[in-house]
Amino acid sequence: MTDTDVVPAVPAAPVKTPPDQRRRAWTVTALLVVFMMVNFADKSVLGLAADPVREDLGLSASAFGLANSAFFLLFSICGAAVGLLADRVRPKWLLLTMAVLWSLSQAPLVLGGGLAVLVTSRVLLGAAEGPAFPVAQQTTLSWFPNHRRNLPGALIVLGITLGVLVAAPVLTWVIHEHGWRTAVAVVAVAGAVWALLWIPFGGEGPYAGTRNNGAPEPVPGDGTGSGADADAGAGSGADRVAHGSGAEPTAEGRGADRAAESAGAAEAVAGAGGAARGTPYRRILATRTWIGATAAYFGTYWVIAFCLVWLPSYLHDGLGYSSAASARLLMLVWGLSGVVVLGQAGLTGWLLRRGTSSRRARGGVGGVLLLVGAAACLALPAAPAGAATVVLLVAGFGCAGAMGSVAATTVAELAPADRRGGALGIMNAVVTTAGLIAPTLVGHLVDTQGTSGYRQALLITGVLLALGGIAAVTLIDPARDARLLSARRAGPLTPDHDTPRQPA
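Rules used throughout
Within each chain, residues carry numbers counting from 1 in the order of the written sequence. Where local features are concerned, this predicted model is filtered to residues with pLDDT of at least 70; where side-chain atom pairs are given and counted, the filter is 80 or more; whole-chain, interface and lining totals use all residues. As a rule here, side-chain values cover all heavy atoms of the structure and leave hydrogens and water aside. Counting from the N terminus, the helices are DSSP H or I runs at least four residues long and the strands are E runs at least two residues long. Residue burial is assigned from relative accessible area. The probe radius is 1.4 Å, only protein chains are included, and a residue is buried under 20% of its type maximum, exposed over 50%, and partly exposed in between. In what follows, a contact means two residues having at least one pair of non-hydrogen atoms within 4.5 Å. We get accessible surface area from the Shrake-Rupley algorithm with a probe of 1.4 Å; when it comes to residues, only the shown protein chains can shield them. Put simply, two rings from Phe, Tyr or Trp (the six-membered ring, in Trp's case) pair if the centres are within 6.5 Å, and we call them stacked under 30 degrees between planes, edge-to-face over 60, tilted for the rest. Only lysine NZ and arginine CZ atoms are considered, and such an atom sits over a ring when it is within 6 Å of the ring centre and within 35 degrees of the ring normal. Each nonpolar core is a collection of buried residues, namely Ala, Val, Leu, Ile, Met, Phe, Trp, Tyr and Cys, held together in the definition by side-chain atoms within 4.5 Å. The charge count includes Lys and Arg as positive and Asp and Glu as negative, but it does not include His or the ends of the chains. A pairing counts as a salt bridge when a side-chain nitrogen of Lys or Arg comes within 4 Å of a carboxyl oxygen of Asp or Glu. Only residues whose relative accessible area exceeds 30% and that take part in no salt bridge are eligible for patches, with like-charged residues grouped when within 9 Å of each other and nonpolar side chains (Val, Leu, Ile, Met, Phe, Trp, Tyr) grouped when within 5 Å. Here, axes are lines fitted to C-alpha atoms. For helices the fit covers the stretch in contact, and angles between N-to-C directions go from 0 to 180 degrees. Oblique is the label for every angle not falling under 35 degrees (roughly parallel), over 145 degrees (roughly antiparallel), or within 65 to 115 degrees (roughly perpendicular). Left-handed describes a crossing whose near helix is turned anticlockwise from the far helix by less than a right angle; the clockwise case is right-handed. Amino acids are sorted into nonpolar (Ala, Val, Leu, Ile, Met, Phe, Trp, Tyr, Cys and Pro), charged (Asp, Glu, Lys and Arg) and polar (every other residue, Gly among them). What pLDDT reports is the predictor's confidence in each residue, on a scale of 0 through 100. Counting rule for disulfides: a pair of cysteine sulfur atoms within 2.5 Å.

Visitor: Provide a residue-level description of the overall build of the chain, including the pertinent values.
Guide: For the chain, the helix and strand inventory stands at 22 helices and 0 strands. Taking all 504 residues of the chain together, the buried fraction comes to 59%. Intrachain contacts of the chain at a sequence separation of at least 6 include 85% that bridge at least 24 residues. When the accessible area of the chain is evaluated, it comes to approximately 17900 Å², of which 67% is carbon and sulfur surface.

The following block contains the structure:
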């Protein structure tokens, strides 16, 4: 049988998600959207206060860029380490710990100090925020089957946009009226408030993991068994009949699973859970899908780092806009990014429901958006000042943001449930090195070339987005790589599929 053959599915009646579980799923998702909003408000506060901070502390552009890069010194390492830990420790408590540490790490900067305190505070904050995105995605996606993960995954990415959209006007006002240290205090308090809400309302969902025989696996610390199935589509009933008792799947069950995976309509044996449980991390990380998603997401994170640290200064110093106009343009960039993220989620979900493979629905859509952003960034340095510059700037930076959601849902589809945290965490660790490099490099270019340094930075950004777009279009194919991973496993296989269990 070739990769394009589809075996007819055995019809199975879908099992509806209980209303209480649906409400809990969206409550947790909403909390994690706010979590990411606070996360990126923390990141953006220094960029919004760039001129006051540099003036107050007497910093050059290179020193200011270095201070922002310090945020990412431990960011990547902690992102990978905690991502691996999230496969063994309940993400609920990891997320709570992160939020508490965010607030504590910023307290010294609120009280005073110079460059040393600034750098130390940012290093500690970066270490605590490094695992935020992969663990938040892992927790959110644990409430939804594969074919319904695009919207919640996109909403977590949208939290990034909303965080900056809210932070830009609010923190800009606080900075101008009360000083930049007060703005830092505001985001620190926001993290503490979120932590208090997460304790009673947070938790993992029924798709957090399954046993090797497909039976539900309880959350550590809970004595619960199986929960009701959630949002299962065609083929899910055959899956449970074939695997629920640990029996070898029938030919009909395998056919139903293959059809469901192809259609993106249900949790399938080789689909939502990806490869078999226990697949070594090194094999997952060596797949073309993981490499392609990571390379594409690297370009997106480069844009995020550029926007957070240097875009306000570029708008003000490079293009001559006032502080108020720069804040409005910044909101426009992030606003378009949010629209693109939601549009991508809707389009990808629609394509999957129509039977389009993830290679096209996720890799193709995400890759094309990156290529559009690349073309705009490469054209921007030569564009005449005025409306053309604004359009290219908004398009170039706005179209790049959706790849974060695409990369997360793609890797979640590829990796088995017991390897998702590590696969997402390591991807995030690699990707966020862009945050370590971009602020320092742009600061160096500005110091050595003046405003021309911004144009060079835009060209570099365009090249990275182009390479990421090509990688997404040509490498991402989770169904193919899941089959390859399973084929390399010695002995009889019991595929992993996202059988729901009782939520935490």
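Visitor: So what about the packing of aromatic side chains? Which residues, and what values?
Guide: For the structure on display, the rule yields 12 aromatic pairs. One aromatic cluster is present, built from ring pairs that chain together Phe-71, Phe-75, Phe-133, Tyr-297 and Tyr-301. Sitting above the plane of the Phe-40 ring, Lys-43 keeps its charged end 4.3 Å from the centroid. Just above the ring of Tyr-281 sits the side chain of Arg-419; from NZ or CZ to the centre is 4.8 Å.

Visitor: Let's hear about the nonpolar core: which residues, and what values?
Guide: Of all hydrophobic cores here, the largest spans 130 residues; its most connected members are Leu-32, Phe-35, Met-98, Tyr-301, Trp-334 and Met-427. Top contributing element to this core by residue count: helix 13 (residues 288-309), with 14 residues. Not counting the four nearest positions on each side in its chain, Met-427 is found in contact with Trp-290, Ala-293, Thr-294, Tyr-297, Ala-407, Ala-408 and Val-411.

Visitor: Describe in detail the side chain of Asp-42, supporting the description with residues and values.
Guide: With respect to the helices and strands, Asp-42 occurs in helix 1 (residues 19-48). Despite its burial, Asp-42 pairs with no opposite charge, the nearest such side chain being Arg-122 at 6.7 Å.

Visitor: Before we move on, could you go through a nonpolar patch on the surface and cite the residues and values that matter?
Guide: On the surface, a cluster of nonpolar side chains totalling about 420 Å² of accessible area is made up of Leu-73, Leu-74, Ile-77, Leu-436 and Ile-437. Structurally, Ile-77 can be placed in helix 4 (residues 75-85).

Visitor: Requested: an account of the pattern of salt bridges, with residues and values cited.
Guide: Counted according to the given criterion, the structure contains 8 salt bridges. Across the pair Arg-181 and Asp-56 runs a salt bridge whose closest N-O atoms are separated by 4.0 Å. Residue Arg-181 is found in helix 9 (residues 180-201), and its partner Asp-56 is found in helix 2 (residues 50-57); the two are separated by 125 residues along the sequence. Put simply, Arg-362 and Glu-413 hold a salt bridge, and the shortest N to O gap is 2.4 Å. Residue Arg-362 is found in helix 16 (residues 358-379), and its partner Glu-413 is found in helix 18 (residues 403-414); the two are separated by 51 residues along the sequence. Just as Arg-362 is buried, Glu-413 falls in that class too.

Visitor: A description of the packing of helix 7 (residues 132-141) against helix 8 (residues 150-178) should follow, citing residues and the corresponding values.
Guide: Taken N-terminus to C-terminus, the directions of helix 7 and helix 8 make an angle of 150 degrees; their axes are 9 Å apart at the nearest point. Our classification of the angle between helix 7 and helix 8 gives roughly antiparallel. For the crossing formed where helix 7 meets helix 8, the hand is right-handed. Here Phe-133, Ala-136, Gln-137, Thr-140 and Leu-141 of helix 7 lie close against helix 8, whose contacting residues are Pro-152, Gly-153, Ile-156 and Val-157. Along the lines of polarity and charge, the residues of the contact of helix 7 with helix 8 split into 6 nonpolar, 3 polar and no charged.

Visitor: Describe the side chain of Ser-103, naming the residues involved and giving the relevant values.
Guide: Note that Ser-103 resides in helix 5 (residues 91-111). Exposure remark for Ser-103: the relative accessible area of 14% places this residue in the buried category.

Visitor: Requested: an account of the confidence of the model for the chain, with residues and values cited.
Guide: In this model, the chain carries an average pLDDT of 79, and 80% of its residues clear a pLDDT of 70 or more. Every residue in residues 1-14 is under pLDDT 50, and counting partners more than four places away or in other chains gives 19 contacts. pLDDT under 50 marks residues 490-499. Its contacts with residues more than four places away, or in other chains, come to 37 contacts.

Visitor: Describe helix 14 (residues 311-318), naming the residues involved and giving the relevant values.
Guide: Residues of helix 14 that are buried: Leu-311, Pro-312, Ser-313, Tyr-314 and Leu-315. Summarising the contacts, the buried residues of helix 14 are in contact with helix 1, helix 2, helix 13, helix 15 (323-353), helix 17 (387-398) and helix 21 (452-475). Two residues or fewer past helix 14, Gly-320 is found with a positive phi of approximately 80 degrees.

Visitor: Mind laying out the state of the cysteines, listing which residues take part and the relevant values?
Guide: As enumerated under the stated definition, the model contains 0 disulfides in all. A disulfide-free cysteine, Cys-307 has its sulfur positioned 8.7 Å from the sulfur of Cys-377, the nearest such atom. Classification of Cys-377 as buried rests on a relative accessible area of 1%.

Visitor: A description of the packing of helix 16 against helix 17 should follow, citing residues and the corresponding values.
Guide: For the pair helix 16 and helix 17, interaxial distance at closest approach is 7 Å and the crossing angle is 140 degrees. Regarding helix 16 and helix 17, the two cross each other, and that crossing is left-handed. Mapping the contact onto sequence places Gly-373, Ala-376, Cys-377 and Ala-379 in helix 16 and Leu-392, Ala-395 and Gly-396 in helix 17. Grouping the constituent residues of the contact of helix 16 with helix 17 by class yields 5 nonpolar, 2 polar and no charged.

Visitor: A description of the environment of Gly-299 should follow, citing residues and the corresponding values.
Guide: Structurally, Gly-299 can be placed in helix 13. Looking at Gly-299, the relative accessible area reads 2%, which means it is buried. Residues Gly-299 and Thr-432 lie 133 residues apart in sequence; the distance between their C-alpha atoms is 9.9 Å. Sequence-distant contacts of Gly-299, defined by excluding residues within four places in its chain, comprise Leu-464 and Leu-465.

Visitor: Account for the environment of Ala-295, naming residues and giving values.
Guide: You can see Ala-295 is positioned in helix 13. Distance in space between the C-alpha atoms of Ala-295 and Leu-467 is 7.8 Å, their sequence separation being 172 residues. Apart from residues lying up to four places away in sequence, Ala-295 is in contact with Gly-468 and Ala-471.

Visitor: Explain the environment of Ile-304 to me, and be specific about the residues and the numbers.
Guide: You can see Ile-304 is positioned in helix 13. Along the backbone, Ile-304 and Gly-435 are 131 residues apart, and their C-alpha atoms lie at a distance of 8.0 Å. Excluding anything up to four places from it in sequence, Ile-304 contacts Phe-40 and Trp-334.

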